[in-house]
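Per-entry structural report
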Amino acid sequence: MVLTAPLHVVAAVMLADDGRVLLAQRPPGKHLEGLWEFPGGKLEPGETPMQALARELAEELDIYAEPGSATPRLRVPWRYGERALLLDVWTLRRWRGQPRGVEGQALQWVLPDQCDSALLAPADRAILNSLRLPASYPITPADIAPDDYALWRERLRQALDDGVRLLQLRLPAWSVQQVRVLAADLLPQARRQRAHLLLNADIEGALALGAGVGVQLKRTQLATLSTRPLPMHQYVGASCHNAEELTLAQRCGADFATLSPVQPSLSHPGGPALGWPRFTALAEAAALPVYALGGMGRADIASAQAAGAQGVAGIRGFWREPG
């Protein structure tokens, strides 16, 4: 069998000042007709991604993308049956003209948090997730004792007040029921602030608690799941350490992954680290947003994003000492 190179496709996240993004509906008679996607199209021979993006937006939307107005966002390798493609996604903040469907395609401006991802073409769902997900993903320290419930309930409430929008409750010294009680206690505040709590490995607990609570799958769970374990409105994260696990995360419909360890950390001081070059290669080959984990703090967000990450996840570097 002769393997052909993936079809290189560019797509634009056209970001308006109010946070809305533009979606176009695939017309009748085309592959995935009726589903919505981010506008763009395939590269022609000899084109750079930016040249192709500017041409496609002019042809499809009758707008002019100003030079230097687009920045790389993520790359999504995908396969529709026998057709392999690489979706090369750019964020566009400035353009001239009012977008219109030149080919008769329907258009809509949507806020990412209010968009039903099930209505998007499957490859485009990773783009939507990258828009929804924050740049930092704190994880609770593993050594918290159940007796510290009241102290950590208040610390976690303060973290939500401070703007944390994605938070993993990883508490190995606690019973499953104790973690669920804490999540239920925090959930009303999390929902008010559009934040998401993730339970570590507890799919049943997330299903019982509902909207606002997701699950972070362990590496051992990834091999046992062939379908998404939660509804689309509840986040599914995956803990990954290599390319095989990132592939398994995609197979089970995870919204994002953590990839570790990028750097030596207090939790794994002597273990081998990926380093940024290896992290970048793995993240670019993944079909979902990836957080850098291991030796990370909020000060590393810019470096992580430059290396292809959604942002950073971490434990010790994300919690101030009380008082």
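Look up: the structure comes first, before these words.
Reading the values: rules and limits
Residues numbered from 1 in each chain as written. Predicted model: local features only at pLDDT ≥ 70, side-chain atom pairs only at ≥ 80, totals over all residues. Heavy atoms only, no water. Axes fitted to C-alpha atoms, helices over the stretch in contact; angles between N-to-C directions. Helix = DSSP H or I, 4+ residues; strand = E, 2+ residues; numbered from the N terminus. Parallel < 35°, antiparallel > 145°, perpendicular 65-115°, else oblique. Left-handed = near helix turned anticlockwise from the far one by under 90°. Contact = heavy atoms within 4.5 Å. Nonpolar A, V, L, I, M, F, W, Y, C, P; charged D, E, K, R; others polar. Salt bridge = Lys/Arg side-chain N within 4 Å of Asp/Glu carboxyl O. Buried < 20%, exposed > 50% of the residue type's maximum accessible area, 1.4 Å probe, protein only.

All right, on to the packing of helix H3 (residues 149-161) against helix H4 (residues 176-192) then. With their axes 11 Å apart at the nearest point, H3 and H4 run at an angle of 25 degrees to one another. With respect to H4, the axis of H3 lies roughly parallel. Regarding H3 and H4, the two cross each other, and that crossing is right-handed. Residues Tyr 149, Arg 153, Leu 156, Arg 157, Leu 160 and Asp 161 of H3 lie in contact with H4, whose contacting residues are Val 181, Leu 182, Asp 185, Leu 186, Gln 189 and Ala 190. Split by residue class, the contact of H3 with H4 holds seven nonpolar, one polar and four charged.

In total, this model carries 16 salt bridges according to the counting rule given. Here Glu 154 makes a salt bridge to Arg 157, at a shortest N to O gap of 3.1 Å. Linking Glu 154 with Arg 157, this pair stays in helix H3, spanning three residues, or about one helical turn. For Glu 154, a relative accessible area of 39% puts it in the partly exposed group. For Arg 157, a relative accessible area of 26% corresponds to the partly exposed category. Residue Asp 255 pairs with Arg 228 through a salt bridge whose shortest N-O separation is 2.9 Å. Linking Asp 255 in the loop between helix H7 (243-251) and strand S15 (256-259) with Arg 228 in the loop between helix H6 (219-222) and strand S14 (236-240), this pair joins segments that are 27 residues apart in sequence. Looking at Arg 228, the relative accessible area reads 18%, which means it is buried. Beyond isolated ion pairs, a larger network of salt bridges with shared partners links Glu 47, Arg 55, Glu 56 and Glu 59.

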